[in-house]
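An overview of the molecular structure
Below, each chain spelled out in residue letters.
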Amino acid sequence: MSTKIITHCSDNGRLHSSLVERIVESGLPSEAIVIYRGRNVVATVPSGEITVNIKAFALPNIVNRFVYGRFRDGKARRSFFNSCRLLEMGFKVPDPIAFIEERGLFTFGRSFYLSRHMEELTEMRYPERHTFMKPLLEALGREMARLHKAGVWMKDFSPGNVLFTCDDDGSSFSFYFVDLNRIEFDTFSPTKLDHMWERILFDREQLAIATRSYAMELGLDPDKVLQSALRRWQDYVKRHS
């Protein structure tokens, strides 16, 4: 099985080539600190002047090993190139460093995605606990409008995948996106884009704040946007209850 290594998009990959080589040879380095263990594993490791985030994807089932090996890009590759494209479009993501995948003619093995670890980012979970909840939700609405104007449909748009920083007085927010292997670009269908309201917020009041800001940005009727978002949210809750 051959291993393909991509270390471009910026100088980051070349700066961390020794780390990439170690992962190719033996997987996660012994000094890596696991910060999440589920189907996939996420770990951090110091490299040069920064900390690198390593996502080790689970081996696909036997059918998907054939599909990824022969027909479809793997999750690590998609994470890398989707991150690069979002950066080019003016959106923020933790700097992509590299992806590694083991790929044969008809099979698919280990895969890893490397990016910069940013300790200063906060997840969009429990916005009501944030000192500046209303301006945060208004900023989120504007950012979603910006994504939709650009035709970006993030299929895993959840609180854990939307991160942010803010200044001391809560007047300015910056959003960063992670877990980016499931994105559809050049999509302008409201039906598809509305899915991004499904699970980013779980409170009617919060949805009302974010959707109003979103609607104002796009020149839409705030009440209609809210009702559409509520339907998506309620359908999602029913499917997962």
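Up top is the structure.
What comes next concerns the included structure. Being a predicted model, the structure only gives us computed values, none of them experimental. For every chain, the first residue of the written sequence is number 1, and numbering continues from 1 along that sequence. Note on the predicted model: pLDDT of at least 70 is required for a residue's local features to be given, and 80 or more for side-chain atom pairs to be given and counted; whole-chain, interface and lining totals, by contrast, use all residues. No hydrogens and no water enter the side-chain calculation; it runs on all heavy atoms of the structure.

Across soluble globular proteins, nonpolar side chains have a tendency to be buried as a group. By nonpolar core is meant a set of buried Ala, Val, Leu, Ile, Met, Phe, Trp, Tyr and Cys residues that side-chain atoms within 4.5 Å join together. Accessible area is worked out with a 1.4 Å probe on protein chains only. A residue is then buried under 20% of its type maximum, exposed over 50%, and partly exposed in between. In terms of nonpolar packing, the biggest core is built from 39 residues, with Leu86, Met124, Leu140, Met154, Phe157, Phe175 and Phe177 touching the most fellow members. The helix and strand labels rest on DSSP assignments: H or I over at least four residues marks a helix, E over at least two residues marks a strand, and numbering proceeds from the N terminus. Looking at this core, the elements that each hand over two or more residues are helix 5 (133–149), strand 8 (153–154), strand 9 (162–166), strand 10 (173–177), helix 7 (204–218) and helix 8 (222–239). Sort the elements by how many residues they give to this core and helix 5 lands first, with 8 residues. Contacts are assigned to residue pairs with any non-hydrogen atoms lying within 4.5 Å of each other. For Phe177, the residues in contact, after removing those within four places along its chain, are Phe91, Lys92, Val93, Pro94, Glu143, Leu147, Met154, Phe157, Asn161 and Val162. Counting residues in each nonpolar core, the second largest holds 16 residues, with Val20, Ala56, Ile100 and Phe112 among its members.

With that settled, the discussion passes to helix 4 (residues 75–88). One fewer than the residue count of a helix, multiplied by 1.5 Å, yields its expected span. Here helix 4 spans 20 Å end to end across 14 residues, near enough to the 20 Å set by a 1.5 Å rise per residue. Those residues of helix 4 not exposed but buried are Ala76, Arg77, Arg78, Ser79, Phe80, Asn82, Ser83, Cys84 and Leu86. Looking one or two places after helix 4, you find Gly90, whose phi comes out positive at around 95 degrees.

Bringing a nonpolar patch on the surface into the picture now. Exposure above 30% relative accessible area and the absence of a salt bridge qualify a residue for a patch, where like charges join within 9 Å and nonpolar side chains (Val, Leu, Ile, Met, Phe, Trp, Tyr) within 5 Å. Here the accessible surface of atoms and residues is derived via Shrake-Rupley with a 1.4 Å probe, and residues count as covered only by protein chains that are part of the display. For this document, the term salt bridge refers to a Lys or Arg side-chain nitrogen within 4 Å of an Asp or Glu carboxyl oxygen. A surface patch of nonpolar side chains, about 320 Å² in accessible area, is lined by Ile33, Ile35 and Tyr36. Mapped onto the elements of the fold, Tyr36 is located in strand 2 (residues 33–37).

What follows covers the sheet that holds strand 10. When DSSP finds at least two bridges between two strands, those strands are taken to pair. Spatially, 3 strands are ordered 7-9-10 in an open sheet, and the strand pairing comes out antiparallel. In this open sheet, the two edge strands, each paired with only one partner strand, are strand 7 (122–123) and strand 10. Where strand 9 meets strand 10, 5 bridges bridge the pair, whose relative direction is antiparallel. Opposite Leu163, over in strand 10, you have Tyr176 as the bridge partner.

Bringing the pattern of salt bridges into the picture now. All chains considered together, the criterion is met by 13 salt bridges. When the shortest N-O distance is used, the salt bridge between Glu184 and Lys155 registers 3.6 Å. Of this pair, Glu184 sits in strand 11 (residues 183–184) while Lys155 sits in the loop between strand 8 and strand 9; the two residues are 29 residues apart in sequence, bridging distant segments of the chain. The exposure class of Glu184 is partly exposed, given its relative accessible area of 23%. The class for Lys155 is partly exposed, based on a relative accessible area of 32%. Linking Asp156 and Arg199 is a salt bridge whose minimum nitrogen-to-oxygen distance equals 3.2 Å. On the criterion of sequence distance, the pair formed by Asp156 in the loop between strand 8 and strand 9 and Arg199 in the loop between helix 6 (190–193) and helix 7 is long-range, its members being 43 residues apart. The network of salt bridges with common partners includes Lys155, Glu184 and Lys192.

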